[in-house]
Amino acid sequence: QVDACDPWAHPAVGWASCLMGPTYAATGEYQRALDINPNFAAGHGHLGLALALDGESVSAIIHLDQALRMSPHDPQTFLFNVSLAIAHYLADRYTDAVAFGRKAVQQRASFSGGHRIFAASLAQAGQSGEARSAIDQLKKLQPDISIAWIEGNIPYMPDAMAKLVAGLRKAGLD
């Protein structure tokens, strides 16, 4: 409301919308930021995250790749890689999801969201030993982590949530 022409204002509203769910409400805010400034890497990256959480993998990957090309050393690169892992995971490209998940965990080892998608991706890619290790690492970061906690706190759309939960169960999370 203070400055509708500030491209940073829209991702702030979008982020709040994304966290409160449903995530598709956030995409309009991120798109408005890009309408103001099409060269806004953070706008592309956060739009990509919202699209990934909505299960819109193709569009998500386009925006996330754009964000990484525009700002390869951005402090939010870890989040863009987590988002790419989510997008590939939901598109059943588990090898790609593992690669982006691994990169995200290496970039920001303290971010539990990276460990969640990494563990699920490893499990679905048939790497069960490494998936269990990733769950162990996730539990060190977030001792109270459970499927119930994820279902109550992570803003995936229902189909995407079911797919994430399947991978996490396969990795050994209860």
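Keep in mind the model is a prediction, meaning the values are calculated, not measured. (Residues numbered from 1 in each chain as written. Predicted model: local features only at pLDDT ≥ 70, side-chain atom pairs only at ≥ 80, totals over all residues. Heavy atoms only, no water.)

1. Side note on the overall build of the protein
So, point 1. From N to C terminus, the protein includes ten helices and zero strands.
So, point 2. Listing the helices and strands of the protein from first to last along the sequence gives α-α-α-α-α-α-α-α-α-α.
So, point 3. Residues counted as buried form 51% of the 174 residues belonging to the protein.
So, point 4. Within the protein, contacts between residues at least 6 apart in sequence are counted, and of these 57% link residues at least 24 apart.
So, point 5. A total of about 8,200 Å² of accessible surface is found on the protein, and carbon and sulfur atoms cover 54% of it. (Helix = DSSP H or I, 4+ residues; strand = E, 2+ residues; numbered from the N terminus. Buried < 20%, exposed > 50% of the residue type's maximum accessible area, 1.4 Å probe, protein only. Contact = heavy atoms within 4.5 Å. Areas by Shrake-Rupley, 256 points an atom, 1.4 Å probe, with all protein chains shown as cover.)

2. Side note on the packing of aromatic side chains
So, point 1. Under the definition given, this model contains two aromatic pairs.
So, point 2. Their ring planes at 75° and their centres at 5.2 Å tell us that Phe78 and Phe111 sit as a pair that is edge-to-face. Of the two residues, Phe78 sits in helix H5 (residues 77-90) while Phe111 sits in the loop between helix H6 (94-107) and helix H7 (112-124), which places them 33 residues apart along the sequence.
So, point 3. On the basis of an interplanar angle of 65° and a centroid distance of 5.3 Å, the ring pair of Tyr89 and Tyr94 is categorised as edge-to-face. Each member of the pair, Tyr89 as well as Tyr94, carries the same accessibility label: buried.
So, point 4. Stacked on the ring of Phe78, the Lys or Arg Arg108 has its end atom at 3.9 Å from the ring centre. (Phe/Tyr/Trp six-rings, centres within 6.5 Å; stacked < 30°, edge-to-face > 60°. Lys NZ or Arg CZ within 6 Å of the ring centre and 35° of its normal.)

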